Structure formats: structure tokens, C-alpha cells
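# Per-entry structural report
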2 protein chains.
Amino acid sequence: MSQVQLAKQLRVSCESCSLSELCLPRGLTVQEISQLDDYIERPRKLDPNTQIYQPGDKFFGFYAVRSGGVKTYLTKKTGEQQILGFHLPGEIFGLDGMEHNSHRCYASTMDNTSYCTIPFEKLDELCAELPDLRIQVYKLLGHEINCDHSHQLLLGQQTAHERLATFLLSISSRFKHRGFSPTSFMLPMSRHDIACYLGIAVETVSRLFKSFQQQGIVKINRKQVDILNMDLLTGLVANCEESDSL
Amino acid sequence: MSQVQLAKQLRVSCESCSLSELCLPRGLTVQEISQLDDYIERPRKLDPNTQIYQPGDKFFGFYAVRSGGVKTYLTKKTGEQQILGFHLPGEIFGLDGMEHNSHRCYASTMDNTSYCTIPFEKLDELCAELPDLRIQVYKLLGHEINCDHSHQLLLGQQTAHERLATFLLSISSRFKHRGFSPTSFMLPMSRHDIACYLGIAVETVSRLFKSFQQQGIVKINRKQVDILNMDLLTGLVANCEESDSL
DNA sequence: CGCTTGATTGATTTGAGTCAATCCCAGTGG
DNA sequence: CCACTGGGATTGACTCAAATCAATCAAGCG
């Protein structure tokens, strides 16, 4: 297979994936693309509820979800977990390991999940040479920071209704961004996980889903969500931050 | 003034500052140090409650607090603010602008404050050449992400007591890290700001300070804090995350 | 077809918020 | 030098959103 054909194949394989933002666009040459792609380890498949890393584990590099879903979380001594983020297909996680070269939180699958990894050392080496790649890495990190900030606003200032509405809107816009329906989708996470992400009780999640349904805003059947009235849903969120897609 | 003398003077001027982590240590040559220092804009002085930037403002680069204190925050339409972080002397802020080259949150002073700025473009150019500097930038960003994660755990899972105790421990450890007393210090922020950071009401902050004082854990007089029993204070925090200094 | 695990629903409790006065200090001006 | 004043801080009384406790209910599975 020629160099060009190889690169093309790789391009296709990364097309719908966030990591592609790191390598494919903005004038990188075919040569450069395949250079980075060489380092990306191809998909690994995992069962639901499998731990990918935990605090103290060596930081290897970034992870990109290809299918399924991953949650990252911290825990209290008493066992309660705070979910920091849900990572859907095409999204990146693992950035928590950068500070000390070891992870600070847990990451585990929520479903049958496959993902790629890109070794940080190799990425950094390429960054020295490719200014555009460097910019993409900054943007990726900046995005993580901004998402975390939005999550802090949600946890610190929003009511339970607002939190759940914000959550649905975020998932919706992220599915939309990846080319899926923004109004009809399957949630990859359990009610318990939603509650832990939003900082509320599972029972509250159930009750609010019911309430939203009674208001005709959504139709919810187990993990299947259909948004019936996007405007009403948006109206539930009173904060001034435009909700940000991950 | 010779090259070496110049660099030495700069080194002293940045010595007690987080930005120094970006340039001074880890085998950068004197030449390289002065190269970066040339770009750092020297201190600017601001009055208390002055806005430094707001959402939409162009991202210029990082800011390093030299004296006083800065808060970064988001707001809801209804006006409530969620404080994302307090930035004490020697700490960095402004990273929220990296994703879109424009800021996403507000930053304003809490006191008479001076700070330096380092233009992002220049920093990036140097990053291309200096691998050690690049690593420092990654660590800085990773640190911000980890702090945000701890804040999410606090906001999502901790009780009001735990939040306030965690807050005091964080401030204490940060003062200690900068060479100040970890048990006796002045808070640069108002009760209102503490409340907004912790996601609780001002009145609750007052009541809990009183309660901590009655338990003999701390002595609080207006903004002056004396920690009398560090073990008891630590005991109030039940989470498994070691509290992380910014 | 029972069993397990997650989701829902209802009854009750409570931690923290809200509302409403003071209090107290820092800064101002007479 | 001291009274005045305004905004932050404190304190108390009351309320309420959401948690907790406690049953079911439903669905996937061996």
C-alpha cells in the first residue's frame, strides 16, 4: 500500500473522532498525518463497567472514545462518587493525568466501549515540530477547562430542574455535533450516573424526568429519550452561559 | 548591565511567582530565561473590585498575580455568580480564553492587586524550541483541570461544613506553599465571595465560621483567620481526595 | 420462572436557604 | 477628634427543595 493510500485509510478511520481535530485539518501534510496516526493505538474493546484507570495509575496519554461511553469520576471516603464528565464517541478523556504524570480520577466504561490511545510523549514530540498541532492541543485542553467551569456553575448555582435540563441539552447538542439526531437518542448512562454527575439524588432524577414528561417537554422510556419541545427545555435553564457542547 | 546580571535580576523578580515554574527551573539556560522574561509584561496595579476581563474579551495570554487577589467567575441570567477560582499571589489565571481565543468568564480583583501578563503567542513560539517549557505549560494546564475537578467534587458531594473546611485547608496550604504561615492569614475575599465559591449562602458561611470557632478549631476575626487545630479541621473533610493546593 | 438489579413512587425529614433585623467597622466629613 | 453613615457581617425565625427512607415495580437473564 502506498504512503498516500495508507494515510487516506487512516484519515477515514479517524474521521468522526475528536482526535482527528488534532491531526487532520489545518494544513498538515499527508506525511504529517500518517506520522501522528502511526502512534495512535488502534481500538480496544471493553465490557460495560470496566475500569480503564484509577487514581495513581501512570499517565500514558489521551484516550478517544470510538463507541459506547466512558465516565470519569472522583470519590469520597464514604463512597459517594462525583462524576466529572461523560465521554461519548468522538470525545477525549484522560487529561487528568497530565499534571503529575499519574491519574487523579477514575475512568470506567458505561457500556460496551472501544477507544484509541495516543501516547503523550509522541504527541509532545510532534508538537515541537507542528505549530498547528500544538494549537489543537491547547484548544483541546482549553475546552476541557471550559466544560469543567460550566459544570461548576451547574453544581454551584442551578436548581435540580435546571441541572437536568442542562444535562439533556448538553447530550443533545453533542449528539448533534457528531451527526446524530439531537432530539432522539439513547442515554448510555444509568440514572445513578446521571444523579452523580448532577450532584442530586437518583430519586430526584426519576421524579424530574416524570415531571418533564408530564409537561410534554420530553418522552422518556428507560434509556430512550425523545425531546418533544426543545424551546420549553431550553426555557428551563435560566443561566446566562450558553450551554457548551463537549 | 551584562546578560547574566540582567537574567539574574529577572530571576529574582519572578522568584516567588508561579510563572517562574514555566521558565526558571529545569535546565533552561540564562539565555533562554531572559528570552522568556523579555516577553513578560511588568506589573500592573489595580484597585479592588476592578474587572480585568469579561466573557467575549480577546484572549491575550496568561496572567500571574503578584499581590492582592483575583477571582474568576461565571454568572447566571438572574445575576448569581459562581466563583470558579481564587487566585492568590504567585498563581496563574486566564486559561479560560484558550479554547476560542476569547474569554468565557469574568476576572476581577478582590483587593489592591498587581499582576504580570505573558502573551500566549510568544509563549507558544518558545514552546516550539524549549521542550522543558512545553512540559511546564502542560503541567500548568493539568493543574487547572485537577483543581476544577476537586471543586466539582466539593460542589456536588460535600456538605456545607465540609465545603468550608476544605476551603480553609486549601487557602492554608496555598499560603504555606508560597512561604507564608499556614495557620495565620488574612482572607482576601469577602464572605459573599466565599459563599459564591462554595455554592452556599452568605449566612451559612457566617454560621459555620461561628460553629468552627465554638468548637475551638479556628479563631476568626473579620478577615483574619487563625487555625487553632489543624487535625480537627482536616477531620471535618470526609472526602478521599487529598486537598490540592492550586 | 424466579432472581437480581435498576427505576419509580410515596411518605417523611432535614440541611440549608430565605427573609428580616440588627450589628459593626471603615471611611467621611464636620 | 468624634459623630455619622453605608455596606458587609452576623444573628434569629421560618420555609422549602431536595434528601432520605421505604416499598414496590419492571426488565433482563441464567
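Preceding this paragraph is the structure being described.
Residues numbered from 1 in each chain as written. Chains lettered and ligands numbered in written order. Predicted model: local features only at pLDDT ≥ 70, side-chain atom pairs only at ≥ 80, totals over all residues. Heavy atoms only, no water.

### Side note on unusual backbone geometry
Here is the rule we go by: For each residue, the accessible area found with a 1.4 Å probe, counting protein chains only, is set against the maximum for its type, and the residue is called buried under 20%, exposed over 50%, and partly exposed in between. What counts as a helix is a DSSP run of H or I of at least four residues, what counts as a strand is a run of E of at least two, and both are numbered from the N terminus.
Within the chain, Asn-49 of chain A stands out as a residue other than glycine whose phi angle is a positive 55°. The exposed category is assigned to Asn-49 of chain A, whose relative accessible area is 62%. You will see that Asn-101 of chain B, though not glycine, has its phi angle at about 60°, which is positive. Position of Asn-101 of chain B relative to the elements: it lies in the loop between strand 6 (92-93) and strand 7 (106-109). For Asn-101 of chain B, a relative accessible area of 40% translates into the label partly exposed.

### What to know about the protein's contact with DNA strand D
We apply this condition: Only heavy atoms are used to decide nearness, and a residue is near a molecule or strand if one of them lies within 4 Å of it. For this analysis, a polar contact is any N or O atom pair within 3.5 Å, provided that within protein one partner can donate a hydrogen and the other can accept it, and provided that sequence-adjacent residues contribute only side-chain to side-chain pairs. Basically, the charged four are Asp, Glu, Lys and Arg, the nonpolar ten are Ala, Val, Leu, Ile, Met, Phe, Trp, Tyr, Cys and Pro, and anything else, Gly included, counts as polar.
Every one of the 17 residues lining DNA strand D counts as a neighbour, but Ala-160, Thr-204 and Arg-207 of chain A together with Arg-191 and Ser-206 of chain B are closest to it. Counting only atoms of DNA strand D within 4 Å of the protein, the fraction found in sugar and phosphate groups is 63%. For DNA strand D, a phosphate oxygen lies 2.8 Å from a polar atom in the side chain of Arg-191 of chain B. Only helix 6 (160-177) and helix 8 (202-214) of chain A together with helix 7 (191-198) and helix 8 (202-214) of chain B provide two or more residues apiece to the surface near DNA strand D. Residues belonging to the surface near DNA strand D are distributed by class as follows: three nonpolar, seven polar and seven charged.

### Observations regarding the packing of helix 6 of chain A against helix 8 of chain A
Residue and element names in this part refer to chain A. Put simply, the test is: Axis lines are fitted through C-alpha atoms, for helices just across the contact stretch, and the angle between N-to-C directions can take any value from 0 to 180 degrees. Each angle receives one of four descriptions, namely roughly parallel if under 35 degrees, roughly antiparallel if over 145, roughly perpendicular if within 65 to 115, and oblique otherwise. The contact definition used throughout considers only heavy atoms, calling two residues in contact when any of these lie within 4.5 Å.
For the pair helix 6 and helix 8, the least separation of the axes is 10 Å and the interaxial angle reads 75°. Put simply, helix 6 runs roughly perpendicular to helix 8. Only Thr-204, Val-205, Leu-208, Phe-209 and Phe-212 of helix 8 make contact with helix 6, whose side of the interface consists of Ala-160, His-161, Leu-164, Ala-165 and Leu-168. For the contact of helix 6 with helix 8, the class distribution of residues is eight nonpolar, two polar and no charged.

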